Amino acid sequence: MAYRLVRLRMAAVVHPQRARTLPACVKPPFTAQLLLPLTNLSALTFRGLSATLSLRASPAQLPARKARSLYSPDSLLSAVSAVPPDSPVARRLPPSAVRGSTRGSASNAASSAPAELSLAEVSAQLPGDLSGYMARVRECNAGQERRSEFIPFVVGGETVGYIHHSFWQHLEPFRDVFRMHNQGGSITATNTTAGGRVLTFSDGLEAAGPAQRTEAVGGVLQRLREEGVITGWRDELYPVGSSFHAPPAFLIERAAAPLFGTKAYGVHMNGYVLLPPSSDPSSKHPASPSLHLWVARRSPSKPTFPNQLDHLVAGGQPHGISCRANMIKECEEEAAIPSHLAERAVPVGAVSYEVVTEANTLKRDVLFCYDLQLPPDFNPRNTDGEVAEFSLMPIDAVACIVANTKEYKANCNLVIIDFLIRHGIISPDSKGYLELLTGLRQGSCT
């Protein structure tokens, strides 16, 4: 029997019976992915935003498991298509179904494969050594072989950042603010390697306080912004120090933090839902609540990582606000989560990474992780224009996307992997578990 993988944006549910089992938060419109036997598929018609499947068999004659909708963002198709052809899942399905082809072959005409491509089964076939997840960790810590190209930025005897040697040419004209030292002696020429150099403030600013340093650095950054060296200006100040709780040596514009290699902090929240136990008798775990994660797709107009998947709520940690207050603020701005719900968010730890970018910057980030269980009938709504859409996805689908694709904004993968570990989706029995656990904090987590 030949199968066809059908993906469509729906404003109407295919089967009224299935509609009754869907919680309010995932009712149409949503993107449905169906794996249907071609013998039962007569026509696929569109009427505006609605879609109708015409079936030769009536819904009563067609088992629910043979036409079950799987709600997800469009990226899920690529994740499902990434199933290895020789995996147990692929062997149980006709090749035409795995490839999304409309044609079958004589060899699989009598196949007894199930009609549904179960995301739980796909997730179960992820590499046993967790290599897909480790690939995401490596992407967040790329370029470590180039660390020697960066010059330490030292203030008050503490290293607070790192600049690439090529960036010194933009700071050299501002000798009243910055100085470069080489093995104890001042230098003026721009070298081609970092060598033993150290960047400091000028003598006057080295002895000054944070406010004076912030003002002096701000003047330099405004000039560099006018010259086009600094882009994506945010009008948001980040503290600069050796650690999160250390008194800041000065404040820096958020857009300039990677250029100076200063540590940046953020808050990322996993918004999850526990749906009621399945009423489907064919379900493998009918008595177990179903864990789903809210997924945001970034606006195509975002200057960074447009159209990529993201957390329900995430944001940078600016100066002058606590992590908790910042999280509550971001909840309201990004997903219209009222404060009485946002206040239930639980801090669950942190992840960190250090990546050398192609733009010769060093991102040294620490992300504080939060979990928030949301009621099944809650629907997020973006209020700041930074999110294109939200989707509620089964946790197996999220795990599959993280391990097999680059659909998520890179640092979000670390927070999701941490969530998967804490909720037992990734087991200690999996080869590479401890390496993965350690990899989530490769950056300086201070």
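Residues numbered from 1 in each chain as written. Predicted model: local features only at pLDDT ≥ 70, side-chain atom pairs only at ≥ 80, totals over all residues. Heavy atoms only, no water.

Quick word on the overall build of the protein
- Along the protein, the regular secondary structure elements total 15 helices and 19 strands.
- Counting only residues that meet the buried cut, the protein has 50% of its 446 residues in that class.
- A separation threshold of at least 6 residues defines the contact pool for the protein, and within that pool the share at least 24 residues apart is 66%.
- Of the roughly 20,100 Å² that the protein leaves accessible, carbon and sulfur atoms contribute 52%. (Helix = DSSP H or I, 4+ residues; strand = E, 2+ residues; numbered from the N terminus. Buried < 20%, exposed > 50% of the residue type's maximum accessible area, 1.4 Å probe, protein only. Contact = heavy atoms within 4.5 Å. Areas by Shrake-Rupley, 256 points an atom, 1.4 Å probe, with all protein chains shown as cover.)

Observations concerning the pairing of strand 7 (residues 158–164)
- Along strand 7, five of the seven residues are buried, which leaves the element largely enclosed by surrounding structure.
- Alignment of strand 6 (residues 150–155) against strand 7, held across six bridges, turns out to be antiparallel. When the bridges of strand 7 are listed, Val-155 appears paired with Glu-158.
- Taken together, strand 6 and the strand that follows it, strand 7, pair antiparallel across an intervening segment of two residues, in which Gly-156 is found at a positive phi of about 60°. (Pairing = 2+ DSSP bridges.)

A few points about the nonpolar core
- Core analysis: the largest hydrophobic core is formed by 36 residues, its most contacted members being Tyr-133, Val-398, Tyr-408, Ile-417, Ile-426 and Leu-436.
- For this core, the elements supplying multiple residues, two or more each, are helix 6 (131–140), strand 14 (290–298), strand 17 (346–356), strand 18 (362–373), helix 13 (395–404), helix 14 (410–422) and helix 15 (433–439).
- Broken down by element, this core gets its largest block of residues, eight residues, from helix 14.
- Listed in part, the 33 residues of the second largest apolar core include Ile-163, Ala-208, Leu-221 and Ala-255. (Core = buried A, V, L, I, M, F, W, Y, C linked by side-chain atoms within 4.5 Å.)

What about the pairing of strand 14?
- In terms of burial, strand 14 is largely enclosed, as eight of its nine residues are buried.
- Relative to strand 14, strand 13 (residues 263–275) runs antiparallel, the two sharing four bridges. Of the residues in strand 14, the one forming a bridge with Leu-275 is Ser-290.
- Relative to strand 19 (residues 387–394), strand 14 runs antiparallel, the two sharing seven bridges. Paired with Ala-296 across the bridge in strand 19 is Phe-390.
- As judged from the two bridges shared by strand 14 and strand 15 (residues 309–310), these two strands associate in the antiparallel manner.

Here's the deal with the packing of helix 13 against helix 14
- For the pair helix 13 and helix 14, the least separation of the axes is 11 Å and the interaxial angle reads 135°. When the axis of helix 13 is compared with that of helix 14, the two are oblique. Remark: the crossing between helix 13 and helix 14 carries left-handed chirality. Residue-level contacts link Ile-395, Val-398, Ala-399 and Val-402 of helix 13 to Asn-413, Ile-416, Ile-417, Phe-419 and Leu-420 of helix 14.
- Split by residue class, the contact of helix 13 with helix 14 holds eight nonpolar, one polar and no charged. (Axes fitted to C-alpha atoms, helices over the stretch in contact; angles between N-to-C directions. Parallel < 35°, antiparallel > 145°, perpendicular 65-115°, else oblique. Left-handed = near helix turned anticlockwise from the far one by under 90°. Nonpolar A, V, L, I, M, F, W, Y, C, P; charged D, E, K, R; others polar.)

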